Amino acid sequence: MSGRDQNDQDRRHMRGWWRAAPLLGLYRPAFVAVGIGLLFSIVGAAAVARWEDRVNRVEFENAASAQATVMQNGTNEYISRLLALRTLFESTSDEVTRSEFETFSARLFERHPGMLRIAWLPRVNRKERAEYEAAAITDGVSGYRIKSLQGDGFAVAPQSDEYFPVFYSTQPKTSSVYGMDYATVPERRALLERARDNDRVAAIRTRLFEPKEGGGQVPDVLVAIPVYAKGTSREEIADRRRNLAGFVVGIFDLPLLIHSIRVTTGASPAVSMNIYPPFTAKIANLEETLPDYSSAATAPRSMRDIAQAVQWSGSLKIGDADWQVRAVPTAGGPLATTYDRAGAVLIVGMLLTLSLSTYLMLASRNSRRLSQANRRVLELAQTDILTGLPNRAFFLTRLDEMNSQSGVTGLPFSILMLDLDRFKNVNDSLGHAAGDALLRQVAQRLKSAMRANDVLARLGGDEFAIIQEAGENQRACSTELAAQIAKLVSEPFLLPGHRVEIGTSIGIAIAPDHGSDQEQLLKKADLALYRSKSAGRNCFTIYDEAMSAELEARNTLEGDLRDAIAQCQLEVHYQPFVDALGGVRRGFEALVRWRHPTRGLIPPDQFISLAEETGLIVPLGEFVLRRACADAAGWPCDLMVAVNLSPIQFKEAELFEMICAALADSGLPPQRLEIEITESVLLERAAENHAFMERLKSIGIELALDDFGTGYSSLSYLTAFPFDKIKIDKSFIRNLTHQPRSSAIISAIVTLARGLDMSVTAEGVETSEEFERLKALGVNFAQGYLFGRPQPIEGILFDAPVKSSRRDAA
């Protein structure tokens with residue numbers, strides 16, 4: 001019985017198995033798909049989570065690094081403005097007055113709220129103490145005394161060999177900080193000594209003895225910059241200690257400074273920036289220290305708290321001290337990792353077992369990333385890195401597209417070629433960093449004048465180009481845009497520490513009126529641009545057919561000039577210059593003239609600039625110098641000859657040897673040759689040009705600074721370069737008798753030249769009234785039509801007296 005029951009159970013079990021087996025076989029792919037789907041979902045979710053974490057971290061670190069760089073640049077700007085104050089004290093031999101200090105300081109930090117106070121701490125010895133105290137009282141600082149810090153208050157400083165008191169300050173004159181001797185505060189004295197001995201900006205974190213408005217518990221930043229006596233050595237520590245004149249001191253409100261920088265630059269709220277004080281003896285461990293500044297709205301956290309989360313570490317350098325920077329993603333911000341994508345992948349995978357869909361999703365994502373990367377590479381290839389504008393490649397591609405569209409639709413469009421005026425002067429005088437900053441500002445102004453469908457590109461250097469799409473009246477639209485651009489660019493630009501004014505020359509070509517292909521349009525826009533530059537710059541010109549004729553004529557003139565130099569068709573004429581007191585001729589200036597076989601005598605203003613542009617000025621200048629030396633060798637021995645050198649000639653390596661050869665071949669003593677140099681020569685290769693001029697001086701040649709007053713007229717040229725004479729430009733002489741300012745300027749130049757042991761020549765003297773006025777002002781020499789026009793050597797009568805009359809000048 002029991003055996004039969006057991007058999008029945010076995011048969012029932014076998015029947016259940018065989019019923020389930022087909023179901024298992026039928027749903028096996030589904031079960032496998034479920035297993036694979038779950039596996040792919042989990043693996044995919046984990047990979048996406050890691051990717052999100054990595055991407056968020058990279059984005060966060062990039063954002064934090066960028067914000068730290070912006071804060072550092074902003075802080076450096078404050079330091080550079082304090083250095084400008086140092087330059088003020090070191091650039092003059094006279095004492096800087098309190099009014100000058102206050103005015104200069106106010107202008108420097110007019111829009112820089114992070115600067116609390118600025119002060120001047122002169123180096124005062126025991127004998128000078130009473131004199132400085134009396135001077136401050138005279139300046140309006142009532143009861144001024146040199147004070148020492150005693151506890152939380154001040155007392156009259158005891159006698160000492162040396163003091164560093166607050167003498168000038170941006171604080172009201174009633175402030176108690178006036179007279180405070182930094183030498184009596186140990187930490188501040190150490191700061192001053194460090195700055196003095198190292199000749200660099202030094203900074204410490206300190207507490208103010210006179211609190212700022214509104215109180216505040218966070219210590220401020222004290223920055224000290226040493227100032228040394230003008231013209232003294234600072235090579236060794238002993239030199240710096242001996243020649244120290246004082247210190248420029250600035251006190252920063254660090255939270256306000258950083259806040260203003262972040263507000264000005266539009267800092268991302270997704271990153272919380274925290275700035276901790278530098279390591280010092282008082283702060284040996286920063287882990288429990290609260291930050292000096294935190295951009296988070298919540299309570300500031302210690303560095304230990306920040307170290308427990310995702311963070312970015314850096315430093316903010318102020319002077320020779322490093323504040324510690326720690327950045328964390330803002331809670332709930334876009335850079336906080338939430339793993340939303342990973343969760344979505346997991347949910348979708350678990351619900352639908354979409355192994356294939358997951359694969360397609362990942363493939364499409366990778367494809368999209370590849371496409372974005374390719375697009376980004378293409379954008380970079382067609383973008384100017386400095387300004388962010390499209391570059392020449394993009395511009396030419398777009399121009400081809402516009403030509404094609406215009407051929408189909410017949411709609412006109414314009415090309416505007418822009419070249420910045422006086423940009424090279426900014427680069428040469430302020431440096432390439434200032435030039436780059438200026439180009440970025442110009443690009444922003446130009447973008448503000450563009451319509452959405454116009455194209456603005458930087459072609460290179462200081463050249464920009466615009467494609468202006470069709471308007472109702474294309475010519476009127478182009479001129480209106482050009483006028484707007486000229487006005488925008490002519491407004492002053494504010495660079496760090498400088499106010500710069502430039503202009504722009506614009507050439508306009510309109511399609512299809514001026515051409516239907518790229519080459520024609522660009523060539524004609526360039527011709528119009530060249531006309532704008534020739535017309536005086538800072539203007540615009542629309543192309544016309546006469547410009548092509550002028551170009552052809554210019555090319556013809558260039559060929560004729562080459563032939564003229566080769567065939568000696570050039571002449572040298574001489575204009576006398578006289579002694580202002582005795583009216584006696586002292587020499588002649590050599591001036592080149594071109595006698596064309598068909599066009600007659602061509603004045604120099606029609607071919608000198610062409611010669612400089614084409615490089616023909618080098619053989620032309622050599623011809624003039626050799627002819628002038630040869631002619632002057634036969635003059636009376638008391639007459640000199642003056643020869644102009646072009647800036648292009650200064651770039652020739654063999655110029656000195658050529659001058660020596662001209663003197664040797666002619667037999668003219670070097671003491672009778674005067675070389676005239678314009679200020680533009682001094683802007684480039686200053687060291688090489690100075691050495692060259694010293695070589696000329698060493699053999700006895702005299703040097704004159706020509707056209708003084710029309711260029712930069714920097715006084716540093718007169719002290720740095722070995723000039724014997726200053727030639728005042730004729731534009732001042734022309735206004736001499738009816739503009740008092742011209743007399744004042746000439747008088748100042750004469751006084752300056754006399755102090756530097758130089759003589760002064762006035763050019764362009766045409767009337768007796770001008771001559772008499774110049775003699776009264778103390779000019780040494782005079783030159784102009786009043787004493788004779790330029791003429792060939794054959795027409796000069798060396799024995800005849802100099803005539804000066806209105807008829808001669810007519």
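Up top is the structure.
Let me begin by describing the structure that accompanies this report. As the structure is a prediction and not an experimental result, all values here were calculated from the model.

### With respect to the overall build of the chain
Right, on to step 1. Within the chain one finds 25 helices and 30 strands.
Right, on to step 2. The 810 residues of the chain split such that 43% are buried.
Right, on to step 3. Accessible surface, the chain: about 40800 Å² in total, of which carbon and sulfur atoms supply 54%.

### Digging into the pattern of salt bridges
Right, on to step 1. Enumeration according to the criterion identifies 35 salt bridges in this entry.
Right, on to step 2. Here Asp419 and Lys533 are joined by a salt bridge, their closest N and O atoms 2.6 Å apart. Note that Asp419 is positioned in strand β14 (residues 413–421) and Lys533 in helix α14 (residues 518–534), a separation of 114 residues in sequence.
Right, on to step 3. When its relative accessible area of 23% is taken as the criterion, Lys533 is described as partly exposed.
Right, on to step 4. A network of salt bridges, in which partner residues are shared, links Arg86, Glu90, Asp199 and Arg234.

### Describing the packing of aromatic side chains
Right, on to step 1. Inspection of every chain in the model, using the stated rule, returns 15 aromatic pairs.
Right, on to step 2. Judged by centre distance (5.2 Å) and plane angle (85 degrees), the rings of Tyr574 and Trp635 are edge-to-face. Of this pair, Tyr574 sits in strand β21 (residues 570–579) while Trp635 sits in the loop between α17 (617–632) and β24 (640–644), and the two are 61 residues apart along the sequence. A single burial state applies to Tyr574 and to Trp635, both of which are buried.
Right, on to step 3. Judged by centre distance (6.4 Å) and plane angle (85 degrees), the rings of Phe656 and Phe692 are edge-to-face. Residue Phe656 is located in helix α18 (residues 655–666), and its partner Phe692 is located in helix α20 (residues 686–698); the two are separated by 36 residues in the primary sequence. The same class applies to Phe656 and to Phe692, which are both buried.
Right, on to step 4. Connected via pairs of aromatic rings, a cluster forms that spans Phe89, Phe101, Trp120, Tyr132, Tyr144, Phe167 and Tyr168.
Right, on to step 5. Lys147 extends its terminal NZ or CZ atom over the ring of Phe154, reaching a point 5.2 Å from the ring centre.
Right, on to step 6. Positioned above the aromatic ring of Phe577 is the side chain of Lys725, whose terminal nitrogen or guanidinium carbon lies 4.7 Å from the ring centre.

### Concerning helix α4 (residues 186–198)
Right, on to step 1. Here α4 is 13 residues long and its end C-alpha atoms lie 18 Å apart, about the 18 Å a rise of 1.5 Å per residue gives.
Right, on to step 2. Of all the positions in α4, only Arg188, Leu191, Leu192, Ala195, Arg196 and Asp197 are classed as buried.
Right, on to step 3. For α4, the secondary structure elements touched by its buried residues are β1 (115–122), β7 (202–206), β8 (220–228), α5 (237–243) and β9 (244–252).
Right, on to step 4. Two residues or fewer after α4 comes Asp199, characterised by a positive phi angle close to 50 degrees.

### Looking at the side chain of Asp421
Right, on to step 1. Here Asp421 is to be found in strand β14.
Right, on to step 2. Residue Asp421 is classed as buried on the basis of its relative accessible area of 0%.
Right, on to step 3. Within the structure, Asp421 has its side chain in polar contact with the side chain of Ser505 (distance 2.9 Å).
Right, on to step 4. Apart from residues no more than four positions distant in its own chain, Asp421 is found in contact with Ile502, Gly503, Thr504, Ser505, Lys533, Arg537 and Asn538.

### Regarding the side chain of Asn427
Right, on to step 1. Looking at where Asn427 falls in the secondary structure, it is placed in helix α11 (residues 423–430).
Right, on to step 2. Accessibility expressed as a relative area gives 16% for Asn427, which makes it buried.
Right, on to step 3. Those residues in contact with Asn427 that sit more than four places away from it in its chain are His432 and Gly435.

### Overview of the sheet that holds β1
Through backbone hydrogen bonds, the strands of a sheet pair up, either in parallel or in antiparallel fashion.
Right, on to step 1. The antiparallel open sheet is built from five strands, whose spatial order is β6-β1-β9-β8-β7. Where the open sheet ends on each side, the last strands, each with one partner, are β6 (168–169) and β7.
Right, on to step 2. Pairing of β8 with β9 involves eight bridges; the strand directions are antiparallel. Bridge assignment links Leu222 to a residue of β9, and that residue is Ile251.

### Side note on the sheet that holds strand β20 (residues 540–542)
Right, on to step 1. If you trace the five strands from one edge of the open sheet to the other, you get β15-β16-β14-β19-β20, paired in mixed fashion. Pairing within the sheet leaves two strands with one partner each, and these edge strands are β15 (455–460) and β20. Between one strand and the next, the sheet's axes are offset by a mean angle of 20 degrees, whatever the strand orientation.

### Topic: unusual backbone geometry
Right, on to step 1. Between Ala511 and Pro512 the backbone carries a cis peptide bond, its omega angle lying at 5 degrees.
Right, on to step 2. With respect to the helices and strands, Pro512 occurs in the loop between β19 (503–511) and α14.
Right, on to step 3. Unusually for a residue other than glycine, Asp199 sits at a positive phi of about 50 degrees.
Right, on to step 4. Structurally, Asp199 can be placed in the loop between α4 and β7.
Right, on to step 5. Owing to a relative accessible area of 23%, Asp199 belongs among the partly exposed residues under this scheme.

### Considerations on a nonpolar patch on the surface
Right, on to step 1. Together, Ile347, Val348, Leu351 and Leu352 make up a nonpolar patch on the protein surface, roughly 410 Å² of accessible area in all.
Right, on to step 2. Along the chain, Ile347 turns up in helix α8 (residues 340–352).
Right, on to step 3. A residue is classified by how much of its surface remains accessible, and Ile347, at 52% relative accessible area, is exposed.

### Quick word on the packing of α18 against α20
Right, on to step 1. The N-to-C vectors of α18 and α20 enclose an angle of 20 degrees; their axes lie 11 Å apart at closest approach. Between α18 and α20, the angle is such that the two are roughly parallel. You can see that α18 and α20 cross each other, and the crossing is right-handed. Contact residues: Leu655, Phe656, Glu657 and Ile659 in α18; Phe692, Arg695 and Leu696 in α20.
Right, on to step 2. A per-class count over the contact of α18 with α20 returns five nonpolar, no polar and two charged.

### A word on the packing of α11 against helix α12 (residues 432–448)
Right, on to step 1. One way to put it is that α11 packs onto α12 with a least axis distance of 6 Å and a crossing angle of 140 degrees. By the angle between their axes, α11 is oblique relative to α12. Here Phe423, Val426, Asn427 and Leu430 of α11 lie close against α12, whose contacting residues are His432, Ala434, Gly435, Leu438 and Leu439.
Right, on to step 2. Partitioned by chemical class, the residues of the contact of α11 with α12 number six nonpolar, three polar and no charged.

Conventions and cut-offs
- Residues numbered from 1 in each chain as written.
- Predicted model: local features only at pLDDT ≥ 70, side-chain atom pairs only at ≥ 80, totals over all residues.
- Heavy atoms only, no water.
- Helix = DSSP H or I, 4+ residues; strand = E, 2+ residues; numbered from the N terminus.
- Buried < 20%, exposed > 50% of the residue type's maximum accessible area, 1.4 Å probe, protein only.
- Areas by Shrake-Rupley, 256 points an atom, 1.4 Å probe, with all protein chains shown as cover.
- Salt bridge = Lys/Arg side-chain N within 4 Å of Asp/Glu carboxyl O.
- Phe/Tyr/Trp six-rings, centres within 6.5 Å; stacked < 30°, edge-to-face > 60°.
- Lys NZ or Arg CZ within 6 Å of the ring centre and 35° of its normal.
- Expected span 1.5 Å × (residues − 1).
- Contact = heavy atoms within 4.5 Å.
- Polar contact = N/O pair within 3.5 Å; in protein donor to acceptor, adjacent residues only side chain to side chain.
- Pairing = 2+ DSSP bridges.
- Axes fitted to C-alpha atoms, helices over the stretch in contact; angles between N-to-C directions.
- Patch = residues over 30% accessible without salt bridge, like charges linked within 9 Å, V, L, I, M, F, W, Y side chains within 5 Å.
- Parallel < 35°, antiparallel > 145°, perpendicular 65-115°, else oblique.
- Left-handed = near helix turned anticlockwise from the far one by under 90°.
- Nonpolar A, V, L, I, M, F, W, Y, C, P; charged D, E, K, R; others polar.

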